[in-house]
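# Close look at the chain arrangement
For reference, the chains in residue letters:
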Amino acid sequence: MKKTPIKSVVKALLELQNEGKSTTLLGIGPMSHNLLQASFELARDYDFPLMFIASRNQVDMDELGGGYVNSWNQQTFVKAIRNMAKDVNFDGLYYVCRDHGGPWQRDNERNAHLPVKEAMELGKKSYLADIEAGFDLLMIDPTKDPFERGKVVPLKDVIERTVELIEYCEQERKSRNLPEIGYEVGTEETNGGLTSTEVYETFILRLQEELGKKGLPMPTFIVGQTGTLVRRTIQAGKFNFKNAFELAQMAKKYGVGLKEHNGDYLDDVTLLEHIPSNITATNVAPQYGTEETRAYLKLAEVEQQLAKQCLIKDVSRVKETLLIHAIKSERWRKWMEGDQVNLSVEEIMEDDTLSLEILDIAGHYTFNIDEVKAEIDKLYENLRKVNIDGQRFVVEHIKRPIRDYVECFNLKGSSTRILNKIQSSQLQGTGVN
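Residues numbered from 1 in each chain as written. Predicted model: local features only at pLDDT ≥ 70, side-chain atom pairs only at ≥ 80, totals over all residues. Heavy atoms only, no water.

### A look at the side chain of Gln37
Inspection of the secondary structure puts Gln37 in helix H2 (residues 33-46). The class of Gln37 is buried, set by a relative accessible area of 12%. Contacts of Gln37, omitting those with residues within four sequence positions, involve Met84, Val88, Gln391, Arg392 and Val395. (Helix = DSSP H or I, 4+ residues; strand = E, 2+ residues; numbered from the N terminus. Buried < 20%, exposed > 50% of the residue type's maximum accessible area, 1.4 Å probe, protein only. Contact = heavy atoms within 4.5 Å.)

What follows is the structure in structure tokens.
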């Protein structure tokens, strides 16, 4: 069956906003097979579209270092998604999306201060693998320029690089006769991000002009700063309804959807504000990884209790193994604040309270490590012997926060509403009543 392009979905959502029947799509960071399963089961049961958003650190070509999530490259990532959809009998809308694609988007590329030309070539190589694997949406983000660290990347450079990358992707897609894909542009960074309506519109207008000159499509989403900011395992920002609404209206004027990043750990009040603010889509990633870590820790606690009752003899070391590898990963630095960003691994190991906090923040970065996987398997097997399905508990635990977003974002039944709107628009376009 021919897939409905994501651009058509967003166009339908912008029209549904006028009827009070729209939704805010949820972009889900793909942290594990369990998260894929939880997402597909919910989408199947509640009839809403899925967007899986993968950064280059998470999923990338083996040649470029692969990804820390299940060692997925683009092909194996898409295959895992398709297989999971089949396994849970999901036949609805889902989209594979590149989150933060482009130059310097792998940590090693940025840390190496690769020159512009080399970084752009690696970004293009990664995009080509995305396109050939069947990705539906590519985020074009050339803003992690290591030579502009701590400074605003000039808008002229951002637009120039964005257009060059979109032109490359479109040429490669068309040369392979592949279906239409969508593009996401802009950045959520508070430093140099698209925060005000004036800068936002300037960006859109200049981009529209440059894309138009080359006959290239306008993006599907433009990222705007709504005030969200994730630190540790909390929402450290403050959602700005007025700014979100104005940015959404500005994007809509040009037929584009406003995309919000850093939507993790939002409270119900803020989540409910997303529909009236007309935010078209929101990305959530680390929160769901943290929820999976917490699920393992709860199961480990159960295991310990049952061991005291002599029901389990050889207890797994899930907690200790996750903790050690989470700290050693040093990926927690991205989420810390103040001087703690620069703490050494040894200093954290000596602080029990901080160690547990790091485990909460960065446990999900370790799920693909063989030692961690072995301990999780042992945990599952121990619990299975006492009639506890540990893997099912983990999946259901991950569903809890996703379900909050589904309810508040008016996602229930949204696939049907979207497809009906698309069909209605097509019939009107052919003059059929």
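### Details of the sheet that holds strand S10 (residues 281-284)
The 8 strands lie next to each other as S1-S2-S3-S4-S5-S6-S9-S10, forming a closed barrel whose pairing is parallel. Across the sheet, the mean angle separating the axes of adjacent strands is 25 degrees when strand polarity is ignored. Where strand S1 (residues 25-28) meets strand S2 (residues 50-54), 2 bridges bridge the pair, whose relative direction is parallel. Its bridge partner being in S2, Ile28 is matched across the sheet by Phe52. (Pairing = 2+ DSSP bridges. Axes fitted to C-alpha atoms, helices over the stretch in contact; angles between N-to-C directions.)

### Examining the side chain of Glu148
Relative to the helices and strands, Glu148 resides in the loop between strand S4 (137-140) and helix H6 (155-175). Not counting residues within four places of it along the chain, the set of residues in contact with Glu148 comprises Val153 and Pro154.

### Points about the environment of Ile234
Structurally, Ile234 can be placed in strand S8 (residues 234-235). In this structure, the C-alpha to C-alpha distance between Ile234 and Glu201, residues 33 residues apart in sequence, is 31 Å. Residues in contact with Ile234, not counting those within four places in the same chain, are Leu229 and Tyr265.

### A short note on the pattern of salt bridges
Applying the stated criterion to the full structure yields 33 salt bridges. Close ionic contact of Asp60 with Arg56 constitutes a salt bridge, the shortest N to O distance being 2.9 Å. The exposure class of Arg56 is buried, given its relative accessible area of 0%. A salt bridge links Glu381 to Arg384, with the shortest nitrogen-to-oxygen separation between them at 2.6 Å. On the criterion of helical spacing, the pair formed by Glu381 and Arg384 is a turn pair, its members being 3 residues apart in helix H15 (residues 370-384). (Salt bridge = Lys/Arg side-chain N within 4 Å of Asp/Glu carboxyl O.)

### Observations regarding the packing of aromatic side chains
Given two aromatic rings, their pairing is described by the distance between the two centres and the angle made by the two planes. For the structure shown, the criterion picks out 11 aromatic pairs. Relative to Phe52, the ring of Phe40 lies with its centre 5.3 Å away and its plane at 55 degrees, an arrangement referred to as tilted. Of this pair, Phe40 sits in helix H2 while Phe52 is found in strand S2, placing the two residues 12 residues apart along the sequence. An identical accessibility class is assigned to Phe40 and Phe52; each is buried. Ring geometry for Tyr405 versus Phe409: centroids 5.5 Å apart, planes at 85 degrees, classification edge-to-face. Considered together, Tyr405 and Phe409 belong to a single accessibility category, that of buried residues. Joined through ring pairs, the aromatic side chains of Phe40, Phe52, Phe90 and Tyr94 make up one cluster. Looking at Lys259, its charged tip hangs above the ring of Phe221, at a distance of 5.0 Å from the centre. Taking the ring centre of Tyr46 as reference, the NZ or CZ of Lys412 above it sits at 4.7 Å. (Phe/Tyr/Trp six-rings, centres within 6.5 Å; stacked < 30°, edge-to-face > 60°. Lys NZ or Arg CZ within 6 Å of the ring centre and 35° of its normal.)

### Observations regarding the environment of Arg333
For Arg333, the position within the fold is in the loop between helix H12 (318-329) and helix H13 (345-349). Exposure remark for Arg333: the relative accessible area of 22% places this residue in the partly exposed category. Considered as a pair, Arg333 and Ile361 are 28 residues apart in the sequence and their alpha carbons are 9.6 Å apart. Those residues in contact with Arg333 that sit more than four places away from it in its chain are Val341, Asn342, Leu343 and Ser344.

### Concerning the state of the cysteines
All told, the structure shown has 0 disulfides when counted by the stated rule. With no disulfide of its own, Cys97 lies 14 Å from the sulfur of Cys169, the closest cysteine sulfur. (Disulfide = S-S within 2.5 Å.)

### Notes on the packing of helix H11 (residues 286-308) against helix H16 (residues 390-408)
The interhelical angle for the contact between H11 and H16, taken along N-to-C directions, is 145 degrees, at an axis separation of 9 Å. Crossing angle aside, the handedness with which H11 passes H16 is right-handed. Where H11 approaches H16, its residues Gln287, Tyr288, Glu291, Glu292, Arg294, Ala295, Tyr296, Lys298 and Leu299 are matched on the opposing element by Gly390, Phe393, Val394, His397, Ile398, Arg400, Pro401, Ile402 and Tyr405. Here the contact of H11 with H16 is composed, by residue class, of 10 nonpolar, 3 polar and 5 charged. (Left-handed = near helix turned anticlockwise from the far one by under 90°. Nonpolar A, V, L, I, M, F, W, Y, C, P; charged D, E, K, R; others polar.)

### Here we look at the environment of Val372
Summarising the element assignment, Val372 is placed in helix H15. For the pair formed by Val372 and Lys313, sequence separation is 59 residues and the distance between their alpha carbons is 20 Å. When residues no more than four places from it in sequence are discounted, the contact partners of Val372 are Thr321, Leu322, His325, Thr366 and Phe367.

### Considering helix H5 (residues 116-133)
Helix length check: H5 (18 residues) gives 26 Å between terminal C-alpha atoms against 26 Å at 1.5 Å per residue, within 8%. For H5, every residue scored as buried is listed here: Ala119, Met120, Leu122, Gly123, Lys124, Ser126, Tyr127, Leu128, Ala129, Asp130, Ile131 and Ala133. Here the buried face of H5 lies against helix H3 (74-87), strand S3 (94-101), helix H4 (107-111), S4 and H6. (Expected span 1.5 Å × (residues − 1).)

### What about the pairing of S2?
In regular strands, side chains alternate between the two faces of the sheet. Burial analysis of S2 places 5 of its 5 residues in the buried class, the great majority of the element. Of the two faces of S2, the one carrying Leu50, Phe52 and Ala54 and the one carrying Met51 and Ile53 are both buried. Handedness of the crossover is the feature at issue here: the chain leaves S1, passes through H2, returns alongside S2, and the resulting connection is right-handed. In terms of strand pairing, S2 meets S3 through 5 bridges, oriented parallel. Paired with Ile53 across the strands is Cys97, a residue of S3. In this fold, S2 hands off to H3, which returns the chain to S3; that crossover is right-handed. (Right-handed = clockwise from strand over helix to strand, strands pointing away.)

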